[in-house]
Each structure stands twice: as C-alpha cells, then as structure tokens.
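This is what each chain is made of:
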Amino acid sequence: MARIVLASGSPRRQELLTRIGIRDFTVRVPQVEEWYPQGLTPPEIVSYISREKSQAVPSEEDEIVITADTMVFLDQQRLGKPKDEADALRMLTDLAGRRHTVCTGVTLRQGQRSLTRAQSTDVYFRPAGREELTAYIRGGEPMDKAGAYGVQGQGALLVERIDGDFFNVMGLPVLLLSRMLAEFGVTLL
C-alpha cells in the first residue's frame, strides 16, 4: 500500500483513519489561510479549501496525501469555531430546534494526480434552552469546533436526527474517503 499522509492536526480525523484500518500514516499539518472566493456554494467552499490545503503539503511521489475541510452552514451562512463563550451561545441558540448542514471537502493527491469530492449531511438539533446550552459550553467542548458542538461528545445530546454520513459530521466522511482511496488503488476491506 502507498504511504498515507494525513494533512490535518485533527485528533478526530486521526481516530477515524485508525478506525477504518489505516494505522500507519504520517501527520503533516498544512499552514494555509482558510480563504475562498465569494459566490461559491457550501460544497464548493470546502472543496476549494481542501485543495488549497493539499497543495500546501510537501510530499513524495509514492505518498497519498489526504486533506479535508469541514464547515457548518445554517441557512447558507458559515458557522466557524466560536471566538468565545458568548459566540458559542449565539451559534447554539441559532441551531436549536433547526436543521443545518455539515459539509466536508476531501482531497487525495499522489504525485500530479489529485481528486476532490464533497459530502453534505443534514443535522437536526432539538430545541434547547439557554440554561442547557450554557452548561454545555461551560464544559469546554464547543470551543474548538465548527458550529460550536462536537457530535462525538456531549454535543450528541443536542442532536435529534442526522440525515447522511455521521462521520462527516465528525469531520471525515469515511465511506467517501474509502471510495476515493479505491480510485488510487487502495482497498480497505
């Protein structure tokens, strides 16, 4: 199998790679500004940034570089990582009782060959009051996550339903990734 490089510092992405059987990989964190042109759709935005991250990572010919970018969108507006607890409360209050979309762009690159795909998942939050949301924020989990929640942690208690790939909401759509890897000659099963 080709050597795998995960171009991400995300512990969740590292865990997901291990869970699907990729245990021998190198981590190289790209240093890029997450800028994108105006007028792109959510899938186009995450695809664009994923490609930019891929180009920022040096690699050797036999390495497959995996990059990903995940964003949360509410009514087509991007919800990034909260700046502080007040920002987290604002985001979670906006999400409560509503549907939002999590989009992840994934890019694989080996030598001059590159492939980018995007995955979208709809997440439905249950209604939640200020007291509950504040208690969740005090635990610290929302502070480094897009949309101010982690579906793999206590944030799951806010989720009523998910339509689509659960792992996409965690930050890496593993089924999509496995299909992309197969196009590069890497089969996981």
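Residues numbered from 1 in each chain as written. Predicted model: local features only at pLDDT ≥ 70, side-chain atom pairs only at ≥ 80, totals over all residues. Heavy atoms only, no water.

As recorded in an unreviewed UniProt entry, the protein goes by dTTP/UTP pyrophosphatase and comes from Brotocaccenecus cirricatena. Taken verbatim from the UniProt record of the protein, the Cofactor (unreviewed entry) comment is "a divalent metal cation". The UniProt entry for the protein carries this comment under Function (unreviewed entry): "Nucleoside triphosphate pyrophosphatase that hydrolyzes dTTP and UTP. May have a dual role in cell division arrest and in preventing the incorporation of modified nucleotides into cellular nucleic acids." (UniProt positions renumbered as here; feature names shortened; annotations may be inferred.)

Across all of its chains, the model carries 17 salt bridges by this definition. One salt bridge in this structure joins Glu-60 and Arg-3, with 2.9 Å as the shortest N-O distance. Taken together, the positions of Glu-60 in the loop between α2 (42–55) and β3 (63–74) and Arg-3 in strand β1 (residues 3–6) put the pair 57 residues apart, joining distant regions of the chain. One salt bridge in this structure joins Arg-78 and Glu-34, with 3.8 Å as the shortest N-O distance. Note that Arg-78 is positioned in strand β4 (residues 77–79) and Glu-34 in the loop between β2 (25–27) and α2, a separation of 44 residues in sequence. Salt bridges sharing partners connect three or more residues here, namely Arg-3, Arg-28, Glu-60, Asp-62 and Glu-63. (Salt bridge = Lys/Arg side-chain N within 4 Å of Asp/Glu carboxyl O. Helix = DSSP H or I, 4+ residues; strand = E, 2+ residues; numbered from the N terminus.)

Take the environment of Pro-30 next. Among the structural elements, Pro-30 can be located in the loop between β2 and α2. According to the relative accessible area criterion, Pro-30 is buried, its value standing at 13%. Excluding its chain neighbours within four sequence positions, the residues that come into contact with Pro-30 are Ala-7, Ser-8, Lys-53, Ala-56 and Val-57. (Buried < 20%, exposed > 50% of the residue type's maximum accessible area, 1.4 Å probe, protein only. Contact = heavy atoms within 4.5 Å.)

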